[in-house]
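# Commentary on secondary and tertiary structure
Chain by chain, the residues run as shown.
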Amino acid sequence: MMLRLLLRAWPRGPAYVLGAPSRPFSAGSGPDEYLQHSIVPTMHYQDSLPRLPIPKLEDTMRRYLSAQKPLLDDSQFRKTEEFCKSFENSIGKELHEHLLAQDKQNKHTSYISGPWFDMYLTARDSVVLNFNPFMAFNPDPKSEYNDQLTRATNMTVSAIRFLKTLRAGLLEPEVFHLNPAKSDTDAFKRLIRFVPSSLSWYGAYLVNAYPLDMSQYFRLFNSTRLPKPNRDELFTDAKARHLLVLRKGNFYVFDVLDRDGNIVSPSEIQAHLKYILSDSSPVPDFPLAYLTSENRDVWAEFRQKLVQGGNEETLRKVDSAVFCLCLDDFPVKDIVHLSHTMLHGDGTNRWFDKSFNLIVAKDGTAAVNFEHAWGDGVAVLRFFNEVFKDSTQTPAITPQSQPAATDSSVSVQKLSFNLSDALKAGITTAKEKFDATMKTLTIDSIQFQRGGKEFLKKQKLSPDAVAQLAFQMAFLRQYGQTVATYESCSTAAFKHGRTETIRPASIFTKRCSEAFVKEPSKHSVGELQHMIAECSKYHGQLTKEAAMGQGFDRHLFALRYLAVARGVPLPELYQDPAYGRINHNILSTSTLNSPAVSLGGFAPVVPDGFGIAYAVHDNWIGCNVSSYSGRNAREFLHCVLKGLEDMFDTLEGKAVKT
């Protein structure tokens, strides 16, 4: 059961109580400046978190071959098998031993942390579509609070409260409680806070509680990915006190913390945002934000030109801002429009390099678009959940609240940039590239309303396994083959853990998919039910292994990284076309489930792929799919629906409709 926790990048969502009044906001640092007052310090468990294990080399080879089996014909598989044997008995063994030795010398971190940061920061592709995902908030349950100014103010205040709570060490540590009645209690917390940090994880473990790594959290605020030649840098300036606001491609900053570190009064924040919303400035002729969508080396070169052109101090204000609030000047029309708006927008009103952009549309629809190099879903979703909970339960202002009588023209600074002809030409080119790329992206979504977790758990099936099986069936139905599939899984239960890959395409899913898609009439309902159960059981095993750091992807990645770093000729295993194919993830999938989230999404990771964001709810299944011109997202979703219908028919004892 512990492993079920570790299965995702998504911690538990809080329970929500609706319709709470706005909170009285005291001046000065006081209890109202904090979201929580945890008696256990936020980072109390960090020192004693277990270290991410390095799998045995023979286990990695076995798992790798199992994942390759459904993707290769017999001849291809035999060749790959030979490469694996050779690797395991020669260079792979040497690299593995060197990795183990290196890991022993770096007990403060995990073996994957450094290489994984490098992977992101050395990537030269645009962060837009290639890396940044989005998560959209549910509307505020009190409809009148969805006014853009009201919601933007409340979310901003809640975000700053989160920042203050985190930095004061008063944010509840991120812990998965298998037995909350024992571990999520005041009595246990009063006891565990006196256990030294070097031992605290073990104390939690004794009562079936599993703390998660929180090392990424400090990058949530005041952080930006800076473009540099060949390798970007992560920049954080925790002393900065201002918010960055983008509207119509114009940049504004104002302080949200005073000189003593107290939150500026919500009515002042409201006044400043109202001032920005009332500014009649048009979109600039050359919107600078387009440059953050460029190839990273191109952007690095232009950034240097910006610095040389006298913009260094202005850029510093952008980079060091607490976060970026994007106020869009249009309402969201529908789910597809929401996905396009929050995933990429029109390029003028996002600073894609910030750790996150908090986006609030004209109708109050809100989302977070986040840069991925600095961290994964655990930190972002925790922030997301807390901001939703705080801003809806105890909003800082009401729709009737009056903005402070303050001169915002003094407090709000509108940033201006000196742009040379070369920079203007660069922005124009970036815009052309951006517009051309976005025209190739299609996004569509479905909701399967016939059932979800409740029904599937009664059938003793993994809801996630059934969703993944539907994707396998869909691709087989649409394109006639089984392809490389990636499902993200968090390893945050370990110190500096990042993610591991679950490989949902297996010999079991291939056999089951072919039975449903190609020849359902040849199998009895009982046989089809048995095949689904086999897939569920195997998927559960893969999930547990990945969550415990026992996948094969990160291990092979680290060994390859080590070979390159040591100047070793690239081993044959990595030159095998089969290795290239399994890492060309045509089906890239990720799931999250939280009462705060209405929708999430990301682009395909390869040009001929699908980006599949999904969630299995109690009584329905949602799926948001993106594709480029070479694939048809809508047709794929129709095939997903067909697969789900067929499986639910089968589980209810009915014959599959052909």
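### Digging into the overall build of the protein
Across its full length, the protein carries 23 helices and 18 strands. Taken over the C-alpha trace, the protein has a radius of gyration of 25 Å; the compact-globule value for 658 residues is 26 Å, and the two agree within 12%. With the C-alpha coordinates of the protein rotated into their principal frame, the extents come out at 75 × 60 × 55 Å. Per-residue burial over the protein gives 60% buried out of 658 residues. Intrachain contacts of the protein at a sequence separation of at least 6 include 79% that bridge at least 24 residues. Of the accessible surface of the protein, which amounts to about 25900 Å², a share of 52% is contributed by carbon and sulfur atoms. For the protein, the distance from the average site of its 75 positive side-chain charges to the average site of its 72 negative ones is 3 Å.

### Regarding the sheet that holds strand β14 (residues 499–502)
Pairing in this open sheet of 6 strands is mixed, and the strands run β12-β18-β17-β15-β13-β14 from one edge to the other. Two strands lie at the open edges of the sheet, namely β12 (442–448) and β14, each paired on one side alone. Looking at each pair of strands side by side, their axes are set apart by 25 degrees on average, direction ignored. Strand direction decides the pairing type here: strand β13 (residues 485–490) and strand β15 (residues 587–591), joined by 3 bridges, are parallel. What sits directly across from glutamate 487, in β15, is threonine 589. Its contacts with the sheet place helix α12 (residues 335–343) against β12 and β18 (621–627), and it is angled at close to 130 degrees to β12. In this fold helix α17 (residues 463–479) packs onto β13, β15, β17 (610–616) and β18, with an angle of close to 145 degrees to the strand it touches most, β17.

### Observations concerning the sheet that holds strand β8 (residues 324–327)
Strand order in this open sheet of 8 strands is β11-β7-β6-β8-β9-β10-β1-β16, and the pairing throughout is mixed. Whereas interior strands pair on both sides, the edge strands pair on one side only; in this sheet they are β11 (413–415) and β16 (597–601). For this sheet the average axis-to-axis angle between neighbouring strands, irrespective of direction, equals 25 degrees. Helix-sheet contacts for helix α6 (residues 148–167) involve β1 (134–137), β6 (242–247), β8, β9 (356–360) and β10 (366–370), and the interaxial angle to β8 is about 170 degrees. Helix α10 (residues 266–277) rests against β6, β7 (250–255) and β8 of the sheet, and its axis sits at about 165 degrees to β7.

### Considerations on the layout of surface pockets
There is about 1400 Å³ of room inside the largest pocket. Lining the largest pocket are 50 residues; nearest its centre among them are Trp116, Met119, Tyr120, Tyr486 and Val605. Looking at the lining of the largest pocket, the elements with two or more residues in it are α5 (113–122), β1, β13, β14, α20 (553–565), β15 and β16. Broken down by element, the residue count for the lining of the largest pocket peaks at 8 residues, all from α20. The residue inventory of the lining of the largest pocket, partitioned by class, reads 28 nonpolar, 15 polar and 7 charged.

### As for the environment of valine 640
Mapped onto the elements, valine 640 comes out in helix α23 (residues 633–651). The buried category is assigned to valine 640, whose relative accessible area is 2%. On a C-alpha basis, the gap between valine 640 and phenylalanine 475 in space is 8.3 Å, while along the polypeptide they are 165 residues apart. Excluding its chain neighbours within four sequence positions, the residues that come into contact with valine 640 are Ile446, Ala470, Phe471 and Ala474.

### Observations regarding the pairing of β16
Among the 5 residues of β16, 4 are classified as buried, and the element is accordingly described as predominantly covered. For β1 and β16, the ladder comprises 4 bridges, and the chain directions are antiparallel. Bridge pairing in β16 places methionine 135 opposite glycine 600.

### Quick look at α6
Between its terminal C-alpha atoms α6 stretches 28 Å, which fits the 28 Å expected from 20 residues at 1.5 Å a residue. Counting buried positions along α6 gives 19 out of 20 residues, so the element sits mostly inside the fold. Taking the backbone nitrogen of leucine 149 as reference, a side-chain oxygen 3.2 Å away marks aspartate 147 as the first, capping residue of α6. Just downstream of α6 lies glycine 169, where phi reads positive at about 75 degrees.

### A word on the nonpolar core
Ranked by size, the top nonpolar core spans 91 residues in total, and within it Phe221, Phe323 and Leu325 carry the most contacts. Of the residues forming this core, the biggest block, 9 residues, is contributed by α6. With residues up to four places along the chain from it excluded, the contact list for leucine 325 reads Ala152, Thr156, Leu243, Leu244, Val245, Leu246, Leu273, Leu358 and Val360.

### Describing the packing of aromatic side chains
Inspection of the entire model under this criterion finds 30 aromatic pairs. Centre to centre, the rings of tryptophan 299 and tryptophan 351 are 5.9 Å apart; their planes meet at 80 degrees, and the pair counts as edge-to-face. Of this pair, tryptophan 299 sits in helix α11 (residues 296–320) while tryptophan 351 sits in the loop between α12 and β9, and the two are 52 residues apart along the sequence. The two residues tryptophan 299 and tryptophan 351 agree in class, both being buried.

### A look at the pattern of salt bridges
Counted by the stated rule, this structure contains 41 salt bridges. Notably, a salt bridge pairs aspartate 649 with lysine 657, separated by 3.6 Å at the nearest N-O pair. Several salt bridges share partner residues, and in doing so they unite Arg124, Arg225, Asp232, Arg296, Asp297, Asp353 and Glu371 into one network.

### Here's the deal with the packing of α11 against helix α15 (residues 421–439)
Where α11 meets α15, the closest approach of the two axes is 10 Å, and the angle between their N-to-C directions is 145 degrees. The chirality of how α11 crosses α15 is left-handed. Contact residues: α11 offers Phe302, Lys305 and Leu306, while α15 offers Ala422, Leu423 and Gly426. For the contact of α11 with α15, a count of residues per class yields 4 nonpolar, 1 polar and 1 charged.

### Here we look at empty space enclosed by the protein
Tallied over the entire structure, the rule returns 9 cavities of 30 Å³ or more. Residue lining of the largest cavity: 16 residues in total, with Arg63, Arg503, Leu542, Glu545 and Phe552 positioned closest to the centre. Secondary-structure elements contributing two or more residues to the lining of the largest cavity are α2 (57–68), β14 and α19 (525–547). Top element by residues in the lining of the largest cavity is α19. It accounts for 4 residues. A per-class count over the lining of the largest cavity returns 7 nonpolar, 5 polar and 4 charged. Size it by volume and the second largest cavity reaches roughly 90 Å³. Around the second largest cavity, the lining is made up of 14 residues, and of these Asp213, Gln216, Val378, Ala492 and Gly497 lie nearest the centre. Its residues assigned to classes, the lining of the second largest cavity shows 6 nonpolar, 5 polar and 3 charged.

### Focus on the environment of methionine 119
Mapped onto the fold, methionine 119 is located in helix α5. For the pair methionine 119 and alanine 373, spaced 254 residues apart in sequence, the C-alpha to C-alpha distance is 8.5 Å.

How each quantity is defined
Residues numbered from 1 in each chain as written. Predicted model: local features only at pLDDT ≥ 70, side-chain atom pairs only at ≥ 80, totals over all residues. Heavy atoms only, no water. Helix = DSSP H or I, 4+ residues; strand = E, 2+ residues; numbered from the N terminus. Rg over C-alpha atoms; globule rule 2.2 N^0.38 Å. Buried < 20%, exposed > 50% of the residue type's maximum accessible area, 1.4 Å probe, protein only. Contact = heavy atoms within 4.5 Å. Areas by Shrake-Rupley, 256 points an atom, 1.4 Å probe, with all protein chains shown as cover. Lys, Arg positive; Asp, Glu negative; His and termini not counted. Charge placed at Lys NZ, Arg CZ, Asp CG, Glu CD. Pairing = 2+ DSSP bridges. Axes fitted to C-alpha atoms, helices over the stretch in contact; angles between N-to-C directions. 1 Å grid on protein atoms, 1.4 Å probe; cavity = no way out; pocket = protein on both sides within 12 Å on 5 of 7 lines; lining within 4 Å. Points joined across faces, edges and corners; volume = space filled by probe spheres on them. Nonpolar A, V, L, I, M, F, W, Y, C, P; charged D, E, K, R; others polar. Expected span 1.5 Å × (residues − 1). Polar contact = N/O pair within 3.5 Å; in protein donor to acceptor, adjacent residues only side chain to side chain. Core = buried A, V, L, I, M, F, W, Y, C linked by side-chain atoms within 4.5 Å. Phe/Tyr/Trp six-rings, centres within 6.5 Å; stacked < 30°, edge-to-face > 60°. Salt bridge = Lys/Arg side-chain N within 4 Å of Asp/Glu carboxyl O. Left-handed = near helix turned anticlockwise from the far one by under 90°.

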